[in-house]
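Chain by chain, the residues:
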Amino acid sequence: MPTEMRGLLLRQGRIADKEGFVGNQLDRPADYLELGSLPRPVPGPGQVLIKVRRAAINPSDIAFVQGFYGQARVQGQPAGFEGVGTVVESGPGLMGRLLKGRDVAFYVTPDGSGAWAEYAVTQAAVALPLKKGVPDRDAAGLIVNPVTAAAMLELVGAGDAFVFSAAASQLGKFVAGMACDQGKKMIALVRREEPVKVLKALGAAHVLNETAPDYAEELERVLATEKPMIFLDAVAGSESARVHKAMGDDARWIIYGKLDTSPAEILDPSEMIFRNKSVEGFWTTAWASKTSFLRKLRVFGEVQNRFRDGRWTTHVSAELPLEHALERLPQALAQPDGKVQILLSND
Ligand SMILES: NC(=O)c1ccc[n+]([C@@H]2O[C@H](COP(=O)([O-])OP(=O)(O)OC[C@H]3O[C@@H](n4cnc5c(N)ncnc54)[C@H](OP(=O)(O)O)[C@@H]3O)[C@@H](O)[C@H]2O)c1
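Since the structure is predicted, the reported quantities are computational estimates derived from the model, not experimental observations.

Conventions and cut-offs
- Residue positions are given per chain, counted from 1 along the sequence in the order it is written.
- Residues qualify for local features only when their pLDDT is at least 70, as the model is predicted, and side-chain atom pairs are given and counted only at 80 or more; totals for whole chains, interfaces and linings, by contrast, use all residues.
- Helix numbers and strand numbers start at the N terminus; a helix is a DSSP run of H or I with at least 4 residues, a strand a run of E with at least 2.
- We call two residues in contact when the distance between their C-beta atoms, placed using the backbone, is within 7 Å.
- The criterion for a residue being near a molecule or strand is simple: its C-beta atom, placed using the backbone, must lie within 6 Å of it.
- Note on residue classes: Ala, Val, Leu, Ile, Met, Phe, Trp, Tyr, Cys and Pro are nonpolar, Asp, Glu, Lys and Arg are charged, and everything else, Gly too, is polar.
- Each domain span listed reflects an automatic or database assignment of domains.
- Here a nonpolar core is just a set of buried residues of the types Ala, Val, Leu, Ile, Met, Phe, Trp, Tyr and Cys, joined wherever their C-beta atoms sit within 7 Å.
- Field definition: a residue is buried when 20 or more other C-beta atoms are found within 10 Å of its C-beta, exposed when 12 or fewer are, and partly exposed for counts in between, with C-beta atoms placed from the backbone.
- Between any two strands, pairing holds if DSSP finds at least two bridges.
- A fitted line through C-alpha atoms represents every axis, and for helices the fit uses only the stretch in contact; the resulting angles, taken between N-to-C directions, go from 0 to 180 degrees.
- Relative orientations are named as follows: roughly parallel for angles under 35 degrees, roughly antiparallel for angles over 145 degrees, roughly perpendicular for angles from 65 to 115 degrees, and oblique for any other angle.
- By definition, turning the near helix anticlockwise from the far helix through less than a right angle yields a left-handed crossing, and turning it clockwise yields a right-handed one.

1. Considerations on the environment of Leu 333
Alright, step 1. Structurally, Leu 333 can be placed in helix α12 (residues 325–334).
Alright, step 2. In sequence terms Leu 333 and Ile 57 are 276 residues apart; their C-alpha atoms lie 9.1 Å from each other.
Alright, step 3. Leave out the neighbours within four places in its chain, and Leu 333 touches Gln 25, Leu 26 and Val 340.

Encoded structure:
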């Protein structure tokens, strides 16, 4: 095994100052990342070393490299939260030893080493052995969005409706199918016409295009009919505030992303007092820390089954070889649909 590895390394450390978040685009990736070499990391107690084949690029990665994520950057270390590969070495600990030689989908814990590199290190507990028949393109993004879809749907009662913004996202597509299977009615909000048909075909009960001329009336009509109590929102902008205001008493605005870079606002704070409306956050990392090991195992099994039998599939719009990733990233991220992935190795 080589003692050096290549990766996309963070040029800055820590959390960024307040200004400068440019959203889910990276027009000048070289401001934040550089292709470089560094010593191959050594797994510590409870950790595994993974030879990475493919890594995901999610909005959380883009926010993280800019320094706008709930975890500090480490200058000179590889970025990247999740990917797929083979466990080639383990630190002390039974779980890691059992994983040696296994193909795994993995999430990089803060004590590990990032996925946008030829080798990554993480805790064995978040290196999930792959079931046969799960394609690498699904496995590279098997944790962040799929687990979030399952975890957030736990907040919606059986038979209930819920509002879901930025629904053309990969996460939105996963939620559409799973919600339908669970008998939960998704009111999906999108900002283009193309995803409307796609989401309906996946099982969303209603799909509203925020840019359509009759959007406001349609929203009012659907909210009046379905009476959703939960708004799962990745945008957190002015339209989100309007949607929450249009919802009924007790409506919970649950923010799990910040895709709109303009300041968020609450239109009528008195509704929090007199109509029992609320604003809260959702982070899968926090969900994972308070959820039992057995429940997580069941969720991990369920998401893999959905990929294996084709109920879920990851739409990959661009595959970037590591050495060309920086120059191709801006254009790849600017595509409206699908996930961008980094290719690290073929074996
Ligand atoms: N809190 C958590 O634990 C957690 C976990 C997983 C994901 N997330 C969040 O979930 C969201 C979706 O993730 P993903 O990987 O599925 O995303 P994705 O596939 O990359 O898609 C991003 C989507 O966001 C839409 N979008 C971007 N900027 C927008 C804006 N200003 N207003 C409205 N829509 C906008 C895009 O719409 P177009 O298609 O029209 O361009 C696109 O459909 C992200 O915010 C991510 O951070 C949070």
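After that view, the rundown keeps rolling.
2. Side note on the site of the ligand
Alright, step 1. Ala 168, Ser 169, Leu 171, Gly 257 and Thr 284 are the nearest of the 26 residues found near the ligand.
Alright, step 2. Going through the elements one at a time, α1 (59–65), α4 (144–153) and α5 (170–181) are the ones with two or more residues in the shell around the ligand.
Alright, step 3. Ranked by residues supplied to the shell around the ligand, first place goes to α4 with 3 residues.
Alright, step 4. In the shell around the ligand, the residues fall into 12 nonpolar, 9 polar and 5 charged.
Alright, step 5. In terms of domain composition, the shell around the ligand takes at least three residues from each of domain 1 (4–141 + 314–343) and domain 2 (147–285).

3. Structural notes on the domain arrangement of the protein chain
Alright, step 1. Domain annotation for the protein chain reports domain 1 (4–141 + 314–343) and domain 2 (147–285).
Alright, step 2. Taken over C-alpha atoms, the centre of domain 1 sits 29 Å from the centre of domain 2.
Alright, step 3. Counting residues at the interface gives 11 residues for domain 1 and 7 residues for domain 2.
Alright, step 4. For the side of domain 1 that touches domain 2, the per-class residue count stands at 4 nonpolar, 5 polar and 2 charged.

4. Examining the nonpolar core
Alright, step 1. The biggest cluster of nonpolar side chains holds 97 residues, and the ones touching the most others in it are Ile 50, Phe 164, Val 175 and Ala 188.
Alright, step 2. When we break this core down by domain, the ones giving at least three residues each are domain 1 (4–141 + 314–343) and domain 2 (147–285).
Alright, step 3. Setting aside residues no more than four positions away along its own chain, Ile 50 makes contact with Gly 85, Thr 86, Val 87, Val 88, Val 104, Phe 106, Tyr 119, Ala 120 and Ala 127.

5. A short note on unusual backbone geometry
Alright, step 1. Residue Ala 166 is not a glycine yet carries a positive backbone phi of 45°.
Alright, step 2. Residue position: Ala 166 is located in the loop between β8 (161–164) and α5.
Alright, step 3. In the Ramachandran plot, Asp 250 falls in the positive-phi region, its phi being about 75° despite a non-glycine side chain.
Alright, step 4. The topology assignment puts Asp 250 in the loop between α8 (238–246) and β12 (252–255).
Alright, step 5. By the C-beta count within 10 Å, which is 11 here, Asp 250 ends up exposed.

6. A word on the sheet that holds strand β9 (residues 185–190)
Alright, step 1. Judged by pairing direction, the sheet is parallel, and its 6 strands sit side by side in the order β10-β9-β8-β11-β12-β13 without closing on themselves. Bordering the open sheet on either side are β10 (206–209) and β13 (278–281), each of which pairs with just one other strand. The mean inter-strand angle of the sheet, taken between neighbouring strand axes irrespective of direction, is 20°.
Alright, step 2. When β8 meets strand β11 (residues 230–233), the two strands line up parallel, connected through 3 bridges. Within β11, the position partnered with Phe 164 by the bridge is Leu 232.

7. Some thoughts on the packing of α4 against α5
Alright, step 1. As a packed pair, α4 and α5 sit with axes 9 Å apart at the nearest point and diverge in direction by 45°. One finds that α4 runs oblique with respect to α5. Judged by the twist between their axes, the crossing of α4 over α5 is right-handed. In contact with Asn 145, Pro 146, Thr 148, Ala 149, Ala 150 and Leu 153 of α4, α5 contributes Gln 170, Leu 171, Phe 174, Val 175, Met 178 and Ala 179.
Alright, step 2. Residues of the contact of α4 with α5, tallied by class, amount to 9 nonpolar, 3 polar and no charged.

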